[in-house]
Amino acid sequence: MVKVIKSAVKCYKKKTKKTVGGKRKIYEYNQYLVPLKRSDKFECSEEVFIIPQRQIEELVGEDIAHAEEYLKNIGVEDSNFEVYERELAELEWKHNELSKSYKELVSKHTKTNKKLRLENERLKSLEEDKKKLMDKLGEISQAYKNLKTNYENELEKNKVLEEELNKDKDIWTSLKSRLGSKKDGEGV
(Lines give C-alpha, C1' and ligand atoms only; values in the text may rest on other atoms or scores of the structure.)
Protein backbone atom coordinates (compact mmCIF):
# COMPACT_ATOMS: atom_id res chain seq x y z
CA MET A 1 0.00 0.00 0.00
CA VAL A 2 1.26 3.46 -0.86
CA LYS A 3 1.44 6.06 1.91
CA VAL A 4 1.46 9.74 0.98
CA ILE A 5 3.48 11.96 3.29
CA LYS A 6 3.05 15.68 3.07
CA SER A 7 5.95 17.97 3.92
CA ALA A 8 7.27 21.33 2.79
CA VAL A 9 10.65 21.90 1.23
CA LYS A 10 12.70 24.33 3.32
CA CYS A 11 15.30 26.43 1.59
CA TYR A 12 18.14 28.40 3.07
CA LYS A 13 21.30 30.07 1.87
CA LYS A 14 24.59 28.41 2.55
CA LYS A 15 27.84 30.29 2.46
CA THR A 16 31.30 28.87 1.97
CA LYS A 17 34.61 30.65 2.15
CA LYS A 18 37.40 29.64 -0.23
CA THR A 19 40.81 30.99 -0.99
CA VAL A 20 41.34 31.32 -4.73
CA GLY A 21 44.54 32.84 -6.09
CA GLY A 22 45.52 34.20 -2.69
CA LYS A 23 42.20 36.03 -2.21
CA ARG A 24 39.40 34.93 0.06
CA LYS A 25 36.06 34.58 -1.66
CA ILE A 26 32.62 33.85 -0.28
CA TYR A 27 30.29 31.65 -2.32
CA GLU A 28 26.54 31.45 -1.71
CA TYR A 29 24.11 28.77 -2.90
CA ASN A 30 20.71 27.37 -1.98
CA GLN A 31 20.44 24.31 0.26
CA TYR A 32 17.18 22.32 0.37
CA LEU A 33 15.74 20.33 3.25
CA VAL A 34 12.61 18.15 3.43
CA PRO A 35 11.74 17.51 7.09
CA LEU A 36 10.04 14.22 8.01
CA LYS A 37 8.13 13.40 11.19
CA ARG A 38 8.85 10.54 13.53
CA SER A 39 5.28 9.38 13.06
CA ASP A 40 6.11 8.66 9.39
CA LYS A 41 8.23 5.78 10.73
CA PHE A 42 11.09 5.75 8.25
CA GLU A 43 14.10 3.56 8.81
CA CYS A 44 17.60 4.94 8.61
CA SER A 45 19.09 4.75 5.10
CA GLU A 46 15.63 4.12 3.63
CA GLU A 47 15.26 5.64 0.18
CA VAL A 48 12.23 7.81 -0.60
CA PHE A 49 10.88 9.44 -3.72
CA ILE A 50 9.71 13.03 -3.63
CA ILE A 51 7.14 14.24 -6.12
CA PRO A 52 6.28 17.93 -6.15
CA GLN A 53 2.60 18.73 -5.49
CA ARG A 54 2.19 20.48 -8.83
CA GLN A 55 3.20 17.27 -10.66
CA ILE A 56 0.73 15.23 -8.59
CA GLU A 57 -1.95 17.76 -9.48
CA GLU A 58 -1.03 17.38 -13.15
CA LEU A 59 -1.41 13.60 -12.81
CA VAL A 60 -4.69 13.45 -10.89
CA GLY A 61 -6.22 16.89 -11.08
CA GLU A 62 -6.76 19.55 -8.42
CA ASP A 63 -7.88 17.36 -5.54
CA ILE A 64 -5.10 15.77 -3.51
CA ALA A 65 -7.50 13.14 -2.17
CA HIS A 66 -7.60 11.75 -5.68
CA ALA A 67 -3.83 11.60 -5.55
CA GLU A 68 -3.92 9.24 -2.59
CA GLU A 69 -6.47 7.06 -4.41
CA TYR A 70 -4.31 7.16 -7.55
CA LEU A 71 -1.22 6.18 -5.60
CA LYS A 72 -3.14 3.39 -3.86
CA ASN A 73 -4.07 2.06 -7.31
CA ILE A 74 -0.41 2.18 -8.19
CA GLY A 75 0.13 0.06 -5.10
CA VAL A 76 -2.38 -2.46 -6.47
CA GLU A 77 -0.45 -2.46 -9.71
CA ASP A 78 2.67 -3.05 -7.61
CA SER A 79 1.09 -6.21 -6.22
CA ASN A 80 0.48 -7.29 -9.81
CA PHE A 81 4.08 -6.37 -10.37
CA GLU A 82 5.09 -8.92 -7.73
CA VAL A 83 3.11 -11.57 -9.60
CA TYR A 84 4.88 -10.55 -12.79
CA GLU A 85 8.23 -10.70 -11.01
CA ARG A 86 7.45 -14.25 -9.83
CA GLU A 87 6.39 -15.21 -13.34
CA LEU A 88 9.53 -13.62 -14.70
CA ALA A 89 11.69 -15.52 -12.22
CA GLU A 90 9.90 -18.74 -13.15
CA LEU A 91 10.35 -18.02 -16.86
CA GLU A 92 14.02 -17.22 -16.32
CA TRP A 93 14.43 -20.55 -14.50
CA LYS A 94 12.68 -22.36 -17.36
CA HIS A 95 14.86 -20.47 -19.84
CA ASN A 96 17.99 -21.56 -17.97
CA GLU A 97 16.80 -25.17 -17.93
CA LEU A 98 15.97 -25.04 -21.62
CA SER A 99 19.35 -23.45 -22.33
CA LYS A 100 21.08 -26.27 -20.47
CA SER A 101 19.11 -28.94 -22.31
CA TYR A 102 19.73 -27.10 -25.60
CA LYS A 103 23.46 -27.03 -24.91
CA GLU A 104 23.37 -30.76 -24.07
CA LEU A 105 21.49 -31.47 -27.29
CA VAL A 106 23.93 -29.38 -29.31
CA SER A 107 26.80 -31.25 -27.68
CA LYS A 108 25.18 -34.61 -28.46
CA HIS A 109 24.45 -33.44 -32.00
CA THR A 110 28.06 -32.39 -32.47
CA LYS A 111 29.34 -35.72 -31.13
CA THR A 112 26.89 -37.65 -33.32
CA ASN A 113 27.92 -35.64 -36.38
CA LYS A 114 31.57 -36.30 -35.59
CA LYS A 115 30.89 -40.04 -35.25
CA LEU A 116 28.86 -40.00 -38.45
CA ARG A 117 31.65 -38.21 -40.31
CA LEU A 118 34.21 -40.71 -38.98
CA GLU A 119 31.95 -43.63 -39.95
CA ASN A 120 31.53 -42.15 -43.45
CA GLU A 121 35.30 -41.85 -43.79
CA ARG A 122 35.67 -45.42 -42.54
CA LEU A 123 32.99 -46.56 -45.01
CA LYS A 124 34.83 -44.87 -47.89
CA SER A 125 38.07 -46.48 -46.75
CA LEU A 126 36.38 -49.90 -46.61
CA GLU A 127 34.87 -49.37 -50.05
CA GLU A 128 38.32 -48.53 -51.43
CA ASP A 129 39.74 -51.64 -49.73
CA LYS A 130 36.87 -53.69 -51.17
CA LYS A 131 37.60 -52.35 -54.64
CA LYS A 132 41.30 -53.21 -54.26
CA LEU A 133 40.41 -56.70 -52.99
CA MET A 134 37.96 -57.20 -55.87
CA ASP A 135 40.71 -56.23 -58.33
CA LYS A 136 43.09 -58.68 -56.61
CA LEU A 137 40.35 -61.33 -56.65
CA GLY A 138 39.92 -60.72 -60.38
CA GLU A 139 43.68 -61.14 -60.88
CA ILE A 140 43.70 -64.29 -58.71
CA SER A 141 40.67 -65.64 -60.58
CA GLN A 142 42.43 -65.07 -63.88
CA ALA A 143 45.60 -66.70 -62.55
CA TYR A 144 43.46 -69.63 -61.29
CA LYS A 145 41.89 -70.04 -64.73
CA ASN A 146 45.33 -69.97 -66.32
CA LEU A 147 46.63 -72.52 -63.83
CA LYS A 148 43.56 -74.69 -64.35
CA THR A 149 43.99 -74.70 -68.11
CA ASN A 150 47.72 -75.42 -67.63
CA TYR A 151 46.82 -78.23 -65.22
CA GLU A 152 44.31 -79.69 -67.66
CA ASN A 153 46.87 -79.47 -70.48
CA GLU A 154 49.47 -81.17 -68.30
CA LEU A 155 46.93 -83.85 -67.37
CA GLU A 156 46.29 -84.49 -71.04
CA LYS A 157 50.03 -84.70 -71.67
CA ASN A 158 50.41 -87.09 -68.73
CA LYS A 159 47.62 -89.29 -70.07
CA VAL A 160 49.22 -89.35 -73.47
CA LEU A 161 52.61 -90.14 -71.94
CA GLU A 162 51.12 -92.87 -69.73
CA GLU A 163 49.42 -94.39 -72.74
CA GLU A 164 52.70 -94.33 -74.62
CA LEU A 165 54.48 -95.81 -71.59
CA ASN A 166 51.84 -98.46 -71.34
CA LYS A 167 52.31 -99.20 -75.03
CA ASP A 168 56.04 -99.29 -74.53
CA LYS A 169 55.62 -101.62 -71.53
CA ASP A 170 53.43 -103.83 -73.64
CA ILE A 171 56.04 -103.90 -76.33
CA TRP A 172 58.78 -104.75 -73.84
CA THR A 173 56.70 -107.34 -72.06
CA SER A 174 55.74 -108.90 -75.34
CA LEU A 175 59.37 -108.86 -76.43
CA LYS A 176 60.47 -110.36 -73.13
CA SER A 177 57.83 -113.00 -73.31
CA ARG A 178 58.80 -113.83 -76.89
CA LEU A 179 62.43 -113.92 -76.02
CA GLY A 180 61.73 -115.98 -72.96
CA SER A 181 59.66 -118.47 -74.92
CA LYS A 182 62.38 -118.83 -77.55
CA LYS A 183 64.97 -119.45 -74.91
CA ASP A 184 62.68 -121.98 -73.32
CA GLY A 185 62.16 -123.68 -76.64
CA GLU A 186 65.86 -123.93 -77.35
CA GLY A 187 66.70 -125.49 -74.11
CA VAL A 188 64.19 -128.18 -74.49
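Residues numbered from 1 in each chain as written. Predicted model: local features only at pLDDT ≥ 70, side-chain atom pairs only at ≥ 80, totals over all residues. Heavy atoms only, no water.

Trainee: Pulling in residues and values, what's your account of the overall build of the protein?
Mentor: The helix and strand inventory of the protein stands at 2 helices and 2 strands. N-terminal to C-terminal, the α/β element order of the protein is β-β-α-α. Considering the protein as a whole, with its 188 residues, one finds that 3% of them fall into the buried category. Excluding contacts between residues fewer than 6 apart, the proportion of contacts in the protein whose partners are at least 24 apart in sequence is 32%. By element, 55% of the accessible surface of the protein is carried by carbon and sulfur atoms, the whole surface being about 18300 Å². (Helix = DSSP H or I, 4+ residues; strand = E, 2+ residues; numbered from the N terminus. Buried < 20%, exposed > 50% of the residue type's maximum accessible area, 1.4 Å probe, protein only. Contact = heavy atoms within 4.5 Å. Areas by Shrake-Rupley, 256 points an atom, 1.4 Å probe, with all protein chains shown as cover.)

Trainee: Just give me the short version of the pairing of strand E1 (residues 10–20), but keep the residues and values in it.
Mentor: Sheet topology places E1 next to strand E2 (residues 23–33); 11 bridges connect them, and they run antiparallel. Paired with Lys14 across the bridge in E2 is Tyr29. Between E1 and E2, which pair antiparallel one after the other, the connecting turn spans 2 residues, and Gly21 there sits at a positive phi close to 60 degrees. (Pairing = 2+ DSSP bridges.)

Trainee: Describe the pattern of salt bridges, listing the residues and the values that go with them.
Mentor: On inspection of all chains with the given rule, the structure shows 4 salt bridges. Two residues, Glu97 and Lys100, come together in a salt bridge whose shortest N-O distance is 3.8 Å. One end of the pair is Glu97 and the other is Lys100, both in helix H2 (residues 64–187) and 3 residues apart, which spans about a single turn. Close ionic contact of Glu119 with Arg122 constitutes a salt bridge, the shortest N to O distance being 3.4 Å. Of this pair, Glu119 and Arg122 both sit in helix H2, 3 residues apart, which is roughly one turn of that helix. For Glu119, a relative accessible area of 44% corresponds to the partly exposed category. (Salt bridge = Lys/Arg side-chain N within 4 Å of Asp/Glu carboxyl O.)

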